[in-house]
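# Commentary on secondary and tertiary structure
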Amino acid sequence: MRHAIELVVVGILTVAVAQAADDPAEPQSAANSSRAASTKTNSNAAGADAQPAPAVEGLPPASGATPLTATVVSVEGPASYIVTTEEAGEWQPLKTGDELSELTVIRTGLGAKVVLELSDRGEITIRNATKVGIASFRQDAGRQVTTRLGLKYGSIHAEVDSTQGPNDFKVRTPVATLSVGGTGGGIGFSYRGLGLSGSHGSWQVTTPSGNTNVGAGQSTDENATPSGNLANAARNPRMGDPFGGLTQEEIDNLLLNGGGRGIFGFVGNGYANTMLFMPGMYTNYSPPSGGSSGDNGDGGNGGGDGDGGDDGGEIVNPPGNGERVIFNDFVSPGEGQ
Amino acid sequence: MTAEIKPADSSFTPEWFSVSSDTMKRLLKTCARLVATVGLMVAGGCGQGLIANDHTTLVANEDSAAFLDRISSQTHVSENDAMRGLIMLLDGSDRLETFRQRVDELKSRDIVSLNWNVDAARPVTRGRLAYMIYQAARLPGGVMLTLTGPSERYCLRELQYRGLMGEGAAFTPVTGLEFVGVLSAADTYMRTGEVPDKAGEPMN
């Protein structure tokens, strides 16, 4: 009798453990409908419905994570957005009050500015001529909000607020990943490369060239150049550049076809003291594949020119486990795949 | 003994100086043609550049956000697209239909030089873009620009000095991403008077 009771108790405990370990992911059809509906729901999901997050295509099931939506606070000038999860997605004009879910891409035109409120965790200002996507924006059971943005080109200013709870905030560009705990700063990516300017708090920048931390009033670029070096370069007058501002391709052309003239440069920037330069000496940036016409490097400074690649948007740092890099899959309507 | 002085033979001419009348006539005809050609060019306006592919059209009803998105992924920017970008920079939108209309519009505003030969399908060069941006933004120039007026070379130098354009020679084509970046920086400068840094923040 005693053994029978023990067996029953063990069986009950076993069933309870098995139920607790069940996968909370909902069927795909339910996930689609909930994702479509989330574009219009209230963004303030913090502390509200604690429903487990539906499975999102490309992401593993997030147990206890609640997808959030970003609210459009203001729109100036031409701005539009597209929800990449919709099969027949089209670019829609962006309006104040719109709720933007994950996997939404926003683009702005000349003279435009868009301000997004990230629930209670901060604010993003999207400047003119910018294309940025919300790859992930969700809150887990422990109130940590995970935000992943992808900056294709242009610049944004991020103010991340961690007073309401912890944040895992990252911005990916074609050349670097920037992460922050609770801080603010400007991030830009263009043909000239990456620029990060910290306004307060601290940023961590991960690039192929290395990592660096950027504090308030400091800046860095795609080569993780220390802020002091960038400041020195900016202070010294740019009377000229080695090779007269030529790109690496032009230098090579001069070497091959110009009677060797590509060898000689002239003293002009804050670093150079010698009169003889070798090609490639100051070229420290190569554009990602696809930017065949991009310029390479500049006169010895940390910044560099480069085409950010084609619409595929090569991301240097591979995505972490379960993270979706939005621009690798995103294709504008009409361009085809 | 007297020196015998004989008058020069009037028929004598050095061999190297002898020019036949036919050759002289041909030479005079050539000179006359040359003078006439130059005269016609001056009279007809030798400064008026040629416009190739003038009826080329672009995507209709394209706002600047869509335009920049389309351009950003291109390896080169055609002169037609470049002029659309300049018109959007100045007016916010481009309602013109053909390349010729854009050229005429920008020429009337001194954005495009009257001497340029333009081609809608040809990639725009860095120098040409710099010239147009310099004119559109009404940038104050340095000594050379003041003395000689705007030129592709020195407009490029001026924009590079101000941080509006990156490094590179004037004759190289502009990539799509570079065009977006330059237009964005010019747009910010024209609205705020400040050139943004690489992070998009105003440069101190």
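Just so it is clear, the model here is predicted, and its values are computed rather than measured.

## Concerning the packing of helix α3 (residues 79-91) of chain B against helix α4 (residues 99-108) of chain B
Residue and element names in this part refer to chain B.
- Put simply, α3 and α4 touch, their axes get as near as 10 Å, and they point 50° apart. One way to sum up the angle between α3 and α4 is to call them oblique. Crossing handedness for the pair α3 and α4: left-handed. Facing α3, whose interface residues are Glu79, Asn80, Met83, Arg84, Leu86, Ile87 and Leu90, α4 presents Phe99, Arg102, Val103 and Leu106.

## Quick word on the packing of aromatic side chains
- Counted according to the given criterion, the structure contains 3 aromatic pairs over all chains.
- Considering the side-chain rings of A:Phe169 and A:Trp203, the 6.5 Å spacing of their centres and the 75° angle between planes classify their relative orientation as edge-to-face. Taken as a pair, A:Phe169 in strand β11 (residues 167-172) and A:Trp203 in strand β15 (residues 203-207) lie far apart in primary sequence, 34 residues in all.
- Take A:Phe169: its relative accessible area is 2%, and that puts it in the buried class.
- Both rings, one in B:Phe67 and one in B:Phe179, keep their centres 6.3 Å apart while their planes meet at 85°; by these two values the pair is edge-to-face. Of the two residues, B:Phe67 sits in helix α2 (residues 64-72) while B:Phe179 sits in helix α8 (residues 176-192), which places them 112 residues apart along the sequence.
- Since its relative accessible area comes to 0%, B:Phe179 is described here as buried.
- One cation-aromatic arrangement involves A:Arg107 over A:Trp91; the distance from NZ or CZ to the ring centre is 3.8 Å.

## Some points on the nonpolar core
- Formed by 85 residues in total, the largest nonpolar core has its most connected members in A:Phe169 and B:Leu86.
- If near-sequence neighbours (up to four positions away) are discounted, A:Phe169 is found in contact with A:Leu118, A:Ile124, A:Thr147, A:Arg148, A:Leu149, A:Ala158, A:Val160, A:Leu178, A:Ser179, A:Val180 and A:Trp203.

## Section: the pairing of strand β9 (residues 131-139) of chain A
Residue and element names in this part refer to chain A.
- When you tally the buried positions in β9, you get 9 out of 9 residues, the bulk of the element.
- Here β9 pairs with strand β10 (residues 145-160) via 8 bridges, running antiparallel. Bridging across to β10, arginine 138 finds its partner in threonine 146.
- Hairpin connection from β9 to β10: 5 residues lie between these consecutive antiparallel strands, with arginine 143 at a positive phi of about 70°.

## Examining helix α7 (residues 152-162) of chain B
- Along α7(B), the positions that sit buried rather than exposed are B:Cys155, B:Leu156, B:Glu158, B:Leu159 and B:Gln160.
- Elements in contact with the buried residues of α7(B): α5 (126-137) and α6 (143-148) of chain B.

## A short note on a nonpolar patch on the surface
Residue and element names in this part refer to chain B.
- A cluster of nonpolar residues, Met24, Leu27 and Leu28, forms a patch on the protein surface that exposes about 300 Å² of accessible area.
- Within the element layout of this structure, leucine 28 appears in helix α1 (residues 21-44).
- A relative accessible area of 55% places leucine 28 in the exposed class.

What counts, and where the lines are drawn
- Along each chain, residues carry numbers from 1 onward, in the same order as the chain's sequence is written.
- Each chain is given a letter, starting from A, and each ligand a number, starting from 1, according to the order in which they appear as written.
- Reporting of local features is limited, given that this is a predicted model, to residues whose pLDDT is at least 70; pairs of side-chain atoms are given and counted only at 80 or more, and all residues count toward the totals for whole chains, interfaces and linings.
- Heavy atoms from the whole structure form the basis of all side-chain values; hydrogens and water molecules are not counted.
- Every axis corresponds to a line fitted to the C-alpha atoms, with the helix fit spanning only the stretch in contact, and the corresponding angles, defined between N-to-C directions, vary from 0 to 180 degrees.
- Secondary structure elements follow DSSP: runs of H or I of four or more residues count as helices, runs of E of two or more count as strands, with numbering from the N terminus.
- Should an angle fall under 35 degrees it is called roughly parallel, over 145 degrees roughly antiparallel, and 65 to 115 degrees roughly perpendicular, with every other angle called oblique.
- By definition, turning the near helix anticlockwise from the far helix through less than a right angle yields a left-handed crossing, and turning it clockwise yields a right-handed one.
- Contact between two residues is taken to exist if any of their heavy atoms lie within 4.5 Å; hydrogens are not considered.
- Paired rings are identified among Phe, Tyr and Trp, the last through its six-membered ring, by centres lying within 6.5 Å, and are further divided according to the angle between planes into stacked (under 30 degrees), edge-to-face (over 60) and tilted (the rest).
- Each residue is assigned to one of three classes by its accessible area relative to the maximum for its type, calculated with a 1.4 Å probe on protein chains only: buried under 20%, partly exposed between the two thresholds, exposed over 50%.
- Geometrically, a lysine NZ or arginine CZ counts as sitting over a ring once it is within 6 Å of the ring centre and also within 35 degrees of the ring normal.
- What is meant by a nonpolar core is a set of buried Ala, Val, Leu, Ile, Met, Phe, Trp, Tyr and Cys residues, joined one to another through side-chain atoms within 4.5 Å.
- For two strands to be treated as a pair, DSSP must find at least two bridges joining them.
- Patches in this entry comprise residues that are over 30% relatively accessible and not in a salt bridge; like charges within 9 Å are linked, as are nonpolar side chains (Val, Leu, Ile, Met, Phe, Trp, Tyr) within 5 Å.
- In this description, accessible areas are obtained by the Shrake-Rupley approach with a 1.4 Å probe, and a residue is regarded as covered only by the protein chains that are shown.
- Note on definitions: salt bridges are taken to be side-chain nitrogens of Lys or Arg within 4 Å of carboxyl oxygens of Asp or Glu.

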